[in-house]
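Breakdown of the fold
Listed here are the chains, written in short residue letters.
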Amino acid sequence: MKLEILLSFVIVLIGLFGLSTSKGIIKTIISLNITQAAIILLFLSIGATEGGEIPILNGVTEKIVDPIPQALMITTIVIGASITALSLMLAIKVFHYYGTLSWKELFDREG
């Protein structure tokens, strides 16, 4: 097993641990971003080819790097940045309305 794949699994576990133990909305958003970054790292490390060349060369090459995982992960990064911006904006609105960003206090008020 490659070291990059193992490290990305460890980072996913760190993000999931942060999700399960976070008491505030901002920490939850940060934990989701950590998990997303680890999954992007996992996909890019799986799609990597040692000694591969770019697929737009004119000559015949033995190893070609597949550009599809890279293109998909760029799209994932853009979508993740948009979701992060939206969730931070919603956190600001929740803070202005309720005066807190604690999950416990928000659930106690509503339930």
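To be clear, the structure that these remarks concern was listed above.
Below or above, wherever it landed, is the structure these notes cover.

Here is what the cut-offs are and how they apply
- Residues numbered from 1 in each chain as written.
- Predicted model: local features only at pLDDT ≥ 70, side-chain atom pairs only at ≥ 80, totals over all residues.
- Heavy atoms only, no water.
- Helix = DSSP H or I, 4+ residues; strand = E, 2+ residues; numbered from the N terminus.
- Contact = heavy atoms within 4.5 Å.
- Expected span 1.5 Å × (residues − 1).
- Buried < 20%, exposed > 50% of the residue type's maximum accessible area, 1.4 Å probe, protein only.
- Patch = residues over 30% accessible without salt bridge, like charges linked within 9 Å, V, L, I, M, F, W, Y side chains within 5 Å.
- Areas by Shrake-Rupley, 256 points an atom, 1.4 Å probe, with all protein chains shown as cover.
- Salt bridge = Lys/Arg side-chain N within 4 Å of Asp/Glu carboxyl O.

What about the side chain of Thr-35?
- One can find Thr-35 in helix H2 (residues 25–47).
- Excluding residues within four positions of it along the chain, Thr-35 makes contact with Val-12, Gly-15 and Leu-16.

Considerations on H2
- Relative to the 33 Å expected for 23 residues at 1.5 Å per residue, H2 spans 33 Å between its end C-alpha atoms, a close match to the ideal helical length.
- All of the buried residues along H2 are Ile-25, Thr-28, Ile-29, Ser-31, Thr-35, Ala-38, Ile-40, Leu-42, Ser-45 and Gly-47.

Here's the deal with a nonpolar patch on the surface
- Where nonpolar side chains cluster on the molecular surface, the patch consists of Leu-3, Leu-6, Leu-7, Val-10, Ile-11, Ile-14, Ile-26, Ile-30, Ile-34, Leu-41 and Leu-88 and spans about 870 Å² of accessible area.
- Broken down by secondary-structure element, the contributors of at least two residues to the nonpolar patch are helix H1 (3–21) and H2.
- Sort the elements by how many residues they give to the nonpolar patch and H1 lands first, with 6 residues.
- In this structure, Leu-88 sits in helix H3 (residues 68–98).
- Among the residues examined, Leu-88 registers a relative accessible area of 36% and is labelled partly exposed.

Re the environment of Ala-48
- Counting through the fold element by element, Ala-48 comes out in the loop between H2 and H3.
- In this structure, the C-alpha to C-alpha distance between Ala-48 and Pro-69, residues 21 residues apart in sequence, is 8.8 Å.

So, the pattern of salt bridges
- The final tally for this structure, using the stated rule, is 1 salt bridge.
- The shortest N-O distance in the salt bridge between Lys-104 and Asp-108 comes to 3.7 Å. Residue Lys-104 and its partner Asp-108 are located together in helix H4 (residues 103–110), separated by 4 residues, close to a single helical turn. Pair check on accessibility: Lys-104 and Asp-108 agree, each one exposed.

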